[in-house]
Every structure is written in structure tokens, then in C-alpha cells.
Amino acid sequence: MINYILTLLTSSLILTLLPAALQAQAQNGSLEGFRTDRAEWQLEAEQMLIRKNTPEKYREHLYRLTQRPHIAGTAGSRDVIEYMSRVMEEAGLKVDHYDYDAWMPKPGNVSVSIVRPIRMPLNNQEYILDEDPYTDHPELVHGWNAYSGSGEASGEIVYANFGTREDFMRLKELGIDVTGKIVIARYGGNFRGYKAKFAEEAGAAGLIIYTDPENGGYMSGLTYPEGRHSSESTIQRGSLLTLDYYGDPLTPFEPALPLDNDDTPQRLDSQDVAFHTIPVAPIGYGAAKEIFSRMEGPAVPSGWQGGLPYTYRLTGGPELTVNVSVDQPKEYTRITNVTGTVTGSEYPDQWIILGSHHDAWGFGATDPNSGTAMLLTLAESLGELVNNGYRPKRSIMIAHWDAEEFMLIGSSEWVEELKQELHENAILYLNADMSVTGPNFRASSSPSLKKAIMEASKAVPHPDTDSTVYESWIRPQQDEPGIGNLGGGSDHVGLYMHAGVPSAGLSISGNVPIYHSNYDSFHFYESFIDSTFQYGPTLAGVYGVTALRFANAGILPYDLNRYASDMSGHVESILNRAEELDRAVETAELRDELSRVEAAAREIENGMKVFLDSGPGKELLEQINREMISLERSFLEEEGLPFSRWQQSLYSSTDPWSGYASWMLPGIRYTLEDSRSDEELNREVDRFRNAVSRLAEKLETIADMMN
């Protein structure tokens, strides 16, 4: 009796602490996907979870993760793997390791130097700082770009602005020939690998990529260690891989299982893979200024001037010669994904997946381990919640991916290995890469998760205000906060664009100019990101509430109405772009299918509460949820996209010319942008229309089941 009374008192106390919007939901039993009599129990569990996420937990995990550099495949990385495994095991999660042997480079040797008019080696590693004790760690390495070509090149210098496709086209228009030259381009504007790709295609002998002070350096504010911005020795590292598939370069479409595994696949010959062949090296603007100060060619066009105190010039002239030398050995490297699972009580084979990568270019305090520490904090809280009697109905899996920095290798291999299971069982994926870097909540998402994310943000207090995350997120005059579309650059790509799992990236973020540098340390984080370590627990609350709602709902609370509205907006964007390119796109039949999607989704949403409160049987609910899980897979086609067979979603892809941006209705968009024939354009429109028709049929099936 005493325990019963304590339980009632605890429940009453939790309800009085709910944000106003949630108190109303608890009182009227209105919670998407839940029966009226289950809403209060669910909200209690969520608030209990939120309160278990503490700054002390988060700080401890971030500190422990960032005491040693941990590039994928190194001893430091193995330390991180062991720590994450131990934390999740002690929290009661079922821990699994997924090992792969991937073809990966080592830092090797990199040098950049001026040869004429004087000999001057240029710095390519961050300065040691007295203020930051981490900066003299013996395992920190020089600046390097993974998957650079190996070799040495000397030549005249050409400045290519950001090194985008358009920038190289502009150089050609201006009569600047880069053949046999060394190109220098600043970071920003596109994925660094495309700078290398376009430079090599233009005939360059080598490439230097530098951080300009206009783009996160002294022009933005005080530099590290006095401020958060890039100093003259700050160097951005990163992969250059630009293949038309993701993951291990030698095993496309197959998991790179360990070489001693009986099922390990046949590898490609590395000579047959389209790696970059020119040497590529990154430097800071302190080194770059030695080059720019000696350039004597024509001045740059409007928009190309950076932040160094010189007139930027397109060429250096014949008197300025620069040398780039890279020796980058490659070998099979053992990488390990770590998953920890809270096994569901009723549907253990249905997965809500939350993930972040764990490898870094140095200490990785912001990228990626702010997200890693947040997920470990959440893992402990979920374990405590289970111990208190709140086991979720569906399984919640927390995944830590390896070798993301080399081009999403760990997550892509896992997706290739478990693709069939993901098709059948994966409910959603939330990506937490570099997710805790400031006070501003942001989200990018597939359509079906948008409403659930907004609703979850209403349940979590924001530490800097007296309001919720939602209230700090929404702007005046907005009906709802803006949620972007998923692009490239992180581990959601494999799950969303290859396997068709509804995905989102959620972050509480700020500006991190020292991205991918040796200065991304615990000292930097504590000094300039969050000295109180409150943002990590806050974001863990949003992840946890979203996960718990999908884990416990009677019917999975996907945002079905959003499909039609988002797709209609993307069709309008395509038509506007076609008009700009003087192309005609016939969309009448596609619009008919979108109308079917809209009507079926509206019928489901309008009837959901009455249907759930009518007490449908477990078997019927299982059938409906199976159809729900399959909805996003409607957009998949084995044939893939015109520019990437590996990316198989006809709804969303990465931008094939910048790498980071999102392309919506990518098959149609590509045929327009690449000036393909009307026949190819119409074929892509038909393929997408068929995908929308498949989605409509599934929604209509769900509506019929509910009737």
C-alpha cells in the first residue's frame, strides 16, 4: 500500500511539473498514436526520462571520450569503443559489435612549400597553446585529406575561390588555364572532395585547400584561444572521397566483413576504383597568406575576395612556384560499430535507432563526441527508466558508427549488412553527429517525422529560458518552426537514401569554426560551447521523448499529412527550375497521385483517435504498423538514381555536385540540371509518379483497415 501511495504521489508531482501544453494533453488524453487511457502514463515516463539526463553525466562522458585523439583504426579509437561498450553494458543495454575491414588511408607525410622566388616550407599543423593543455598531445597529427592522391607536384598557382563546379567554369570563361598548375581554393561552398574532383578534371597537378579568415577566422571575431574562431594555424582535415557510392571503396553494395570471415566479399582492385590521383593538402590561413602575398596576376572577380589583407588574384604569375607533396599509404583497417539496445517488451524486432559516429580527426569534442556523449547520457537514463518499470514496447537501439569521417564507412557497411532487416523492422533513425554545440535547436527531417519532432520539443525545457525547446525554436509570425530537408555529409545517408528508413538530424547548436582541427578539444568545448554542460541533457530529452513515443504508441505516430504537402512543394520547385531552364515538365498524372496521398492521409489522421479508443485488437494494430513501417520504402528503386545506383530513394538524395546539400526528387532534378533529353526527363517523372502511387496504395490500405 505504501509503494502504491508513493507511486500515486510521484505521478501527481510529475504531472504538475509538465509544461502547460503537456498538462492539457495529459488531462484530455490527446497524444498522437496513443489511446486516451495511455497518454498520461506515457507523459509520466517521458518526464521521468528527461529528469534523469543530467549535466554531470554528460560532462563525464564528454571528458572521458576526448582525452586522446581517436582517428578511426587507431589505439585511441579502440579506447573509445571500449568505453562506450562499458557504459552501455553497465546501463543494462544489450551491446553488440559489428567489425569490418575497410580500405583506408593513414596520415602519411604531407608538405606544402614555396619554391620560387624563395624557398619556404609552410606550416601544416596547429600551434601548441599554453592555454589549452591538449594541444601538445603527442598523437596529434599534421593536416591531411584522406583519399588524396600520393605524389609530388610543383607549378604556378591558380586561385579558384571555393573550388565549386561554377568556380571552375568561371575560370575557363576568364581564360585561366589550370592545366599543370597548383590550385588553391578556400573551404566552404561545397564538399572538399568536389574541390579535388573539379581541380583534377580541369587538369590541375595539385590542390591546396585553406581556411580563409573571412569564413570563420578573425573577420568573424576573436580567434582561439582568446575566442572561438579559427586562428592562422587552424587546419580543417577531412575526407575527399567522391565515389558514386558510400562506405568501403572496395566493396560497393556489400558489407566489408573482416578478411578472415567466411562470408567476406570479393574486393575490388584498388587500381580500378576512381580515387583522386593528384596530391591534395590542407593548410591554415597563416600559411596561405605567404602564397597570396606573392601573387601578381589579374585581380579576382566580384565575390572571390577573401579576408586576407591583400588583393586576391587569379594567378601567381610565372615567378611564383609552389610545391605540394603527399605520401599517403592505404591498407585494410579494422573498424567497429557499437550498438546498445533496450529490448522492447512486445515488439523486440522493431527498432527505433539513434546514432552518431565516434571517430574523430583529433579529440573530436564537438565533432562528433558531443553527440556521442549525449547518446551515452540517454542510454544510462533509458536503463534507469527500465529499472523503474518503464520498459518500452519496441526496441530502442543506440548506435555508434566508426569511420564516418572517411566517408560514412561504418554506417554504410552496417546498412549493407542488415538491409533486409532494416526494410522489415526499422521505424526511424535520428542522427546526432556533432549535435551539441550551442543553444539553438535545429532539425532536418524526412516528412513523416516532422510533427513528432515538434511535439517532442514541447516536452523538454530549454536551459537558457523559462520556456520549452519548442518555444525557443519557433520564430515570431511562424505557424510552426522550420524543419529542413536532409542532405549529405553524415550517417543518415545510408539509412535514409539507401535503405529508406525515415530519418532526421536533430541538434542544439552554435558556430564551431575550429571544425575538424586539432583545437576541437575538451578545453575548447568548456571554454566556448557550454561551460555548464546543460545543452547535452536538453537534446537527450528531445531524442528520448521522440524515441519513447514511437516505441510505445499503439499506432506509429508518423506525420502522414506531411507527405502530400512536402511533395507538392517540391514539385512546384521543380517546375520553377524547369521554367528557368526553359524546359517543360508534365506533372498532371503525378498531381493526381499526390491527391490520392493527401486524401488517404487525411482520412487516417481524422479517424485515428476514435479508432484507437475503440480498442482494436493487437493483430490488427500489428498489421497497420507493418504498413506504416513500409511507407518510406515506397520511394526506393533498386536501379537507383541516374548519378548514383547506391542512392535508391527517388524522393531525396545528396547534391551530386556539392555533396552536402539536399536534392528533392533527385532523378527529375538531375535530368534538368544536366540537360538530359526529354525522354530521360519524362522517364524520371514517371518513376517518381509510380513511387507516389505505391505510397498512396499503402495509405489507402491503412485507411481501409481502420474502417
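Since we're looking at a predicted model, the values are computed, not measured. (Residues numbered from 1 in each chain as written. Predicted model: local features only at pLDDT ≥ 70, side-chain atom pairs only at ≥ 80, totals over all residues. Heavy atoms only, no water.)

1. Here's the deal with the domain arrangement of the protein chain
Part 1 of the reasoning: Each assigned domain of the protein chain is listed here: domain 1 (45–104 + 332–551), domain 2 (107–241 + 276–325) and domain 3 (560–705).
Part 2 of the reasoning: Spacing between the C-alpha centres of domain 1 and domain 3 amounts to 27 Å.
Part 3 of the reasoning: Across the contact, 35 residues belong to domain 1 and 26 residues belong to domain 3.
Part 4 of the reasoning: In total, domain 1 and domain 3 occlude about 2400 Å² of area from one another, counting both sides; carbon and sulfur atoms represent 50% of this.
Part 5 of the reasoning: Inspection of the region where domain 1 meets domain 3 yields two salt bridges.
Part 6 of the reasoning: For D566, the salt bridge goes to K450, with nearest N and O atoms at 2.7 Å.
Part 7 of the reasoning: The interface formed by domain 1 and domain 3 holds 14 residue pairs in polar contact (both at pLDDT 80 or more) in total.
Part 8 of the reasoning: Here the side of domain 1 that touches domain 3 is built from residues that sort into 14 nonpolar, 13 polar and eight charged. (Domains from an automatic or database assignment. Contact = heavy atoms within 4.5 Å. Buried area = accessible area lost by both parts, 1.4 Å probe. Salt bridge = Lys/Arg side-chain N within 4 Å of Asp/Glu carboxyl O. Polar contact = N/O pair within 3.5 Å; in protein donor to acceptor, adjacent residues only side chain to side chain. Nonpolar A, V, L, I, M, F, W, Y, C, P; charged D, E, K, R; others polar.)

2. A look at the sheet that holds strand β12 (residues 330–342)
What links the strands of a sheet is backbone hydrogen bonding, and the strands pair in either a parallel or an antiparallel sense.
Part 1 of the reasoning: Spatial strand order, β1-β12-β14-β13-β15-β17-β16: seven strands in an open sheet with mixed pairing. Edge positions in the open sheet fall to β1 (94–105) and β16 (440–445), since each of these has one partner strand only. Direction aside, the axes of adjacent strands within the sheet are offset by 20° on average.
Part 2 of the reasoning: Pairing analysis gives eight bridges linking strand β13 (residues 347–357) to strand β14 (residues 394–401), with the strands arranged parallel. Paired with H357 across the two strands is W401, which belongs to β14. (Pairing = 2+ DSSP bridges. Helix = DSSP H or I, 4+ residues; strand = E, 2+ residues; numbered from the N terminus. Axes fitted to C-alpha atoms, helices over the stretch in contact; angles between N-to-C directions.)

3. Considering the nonpolar core
Part 1 of the reasoning: Counting 219 residues, the largest nonpolar core has F406, W414, L422 and M628 as its most contacted members.
Part 2 of the reasoning: Considering every element that reaches this core, the biggest residue donor is helix α21 (residues 678–706), with 11 residues.
Part 3 of the reasoning: In contact with W414, other than residues within four places in its own chain, are Y98, Y100, N337, T339, W351, I353, M397, W401, L422 and L495. (Core = buried A, V, L, I, M, F, W, Y, C linked by side-chain atoms within 4.5 Å. Buried < 20%, exposed > 50% of the residue type's maximum accessible area, 1.4 Å probe, protein only.)

4. Examining the environment of T437
Part 1 of the reasoning: Looking at where T437 falls in the secondary structure, it is placed in the loop between β15 (426–431) and β16.
Part 2 of the reasoning: Dropping the residues within four chain positions of it, T437 is found in contact with T366, S370, I508, S509, G510, V512 and I529.
Part 3 of the reasoning: Engagement of the side chain of T437 in a polar contact is seen with the backbone nitrogen of G510, the distance being 3.0 Å.

5. So, the pairing of strand β2 (residues 109–116)
Part 1 of the reasoning: With seven bridges joining them, β2 and strand β11 (residues 321–327) adopt antiparallel strand pairing. Counted as the bridge partner of N109 is D327 from β11.
Part 2 of the reasoning: In this sheet, strand β3 (residues 120–122) lies alongside β2 in antiparallel orientation, the contact comprising three bridges. In the sheet register, V112 faces β3, and the bridge partner there is L122.

6. Quick word on the pattern of salt bridges
Think of it this way: side chains of opposite charge can pair up when their charged atoms draw near.
Part 1 of the reasoning: The full count for this structure, using the stated rule, is 43 salt bridges.
Part 2 of the reasoning: Note that R683 and E639 form a salt bridge whose closest N and O atoms lie 2.7 Å from each other. Placement of the pair is R683 in helix α21 and E639 in the loop between α19 (618–630) and β18 (652–654), with a sequence separation of 44 residues.
Part 3 of the reasoning: Residue R683 is classed as partly exposed on the basis of its relative accessible area of 39%.
Part 4 of the reasoning: Via salt bridges that share partners, E637, E639, R683, E684, R687 and R694 belong to a single interconnected network.

7. Details of the packing of aromatic side chains
Part 1 of the reasoning: Taken as a whole and assessed by the stated rule, the structure comprises 41 aromatic pairs.
Part 2 of the reasoning: Plain terms: the ring middles of Y224 and F528 are 6.0 Å apart, the flat faces sit at 75° to each other, and that makes the pair edge-to-face. With Y224 in the loop between β8 (206–210) and β9 (238–239) and F528 in helix α15 (residues 522–528), this pair connects stretches of sequence that are 304 residues apart.
Part 3 of the reasoning: Every member of this aromatic cluster is reached through a ring pair, and the members are Y58, Y63, F522, Y525 and F533.
Part 4 of the reasoning: A cation over an aromatic ring shows up here: R165 above the ring of W657, its NZ or CZ 4.0 Å from the ring centre.
Part 5 of the reasoning: The cationic tip of K330 hangs over the ring face of F275; the distance from NZ or CZ to the ring centre is 6.0 Å. (Phe/Tyr/Trp six-rings, centres within 6.5 Å; stacked < 30°, edge-to-face > 60°. Lys NZ or Arg CZ within 6 Å of the ring centre and 35° of its normal.)

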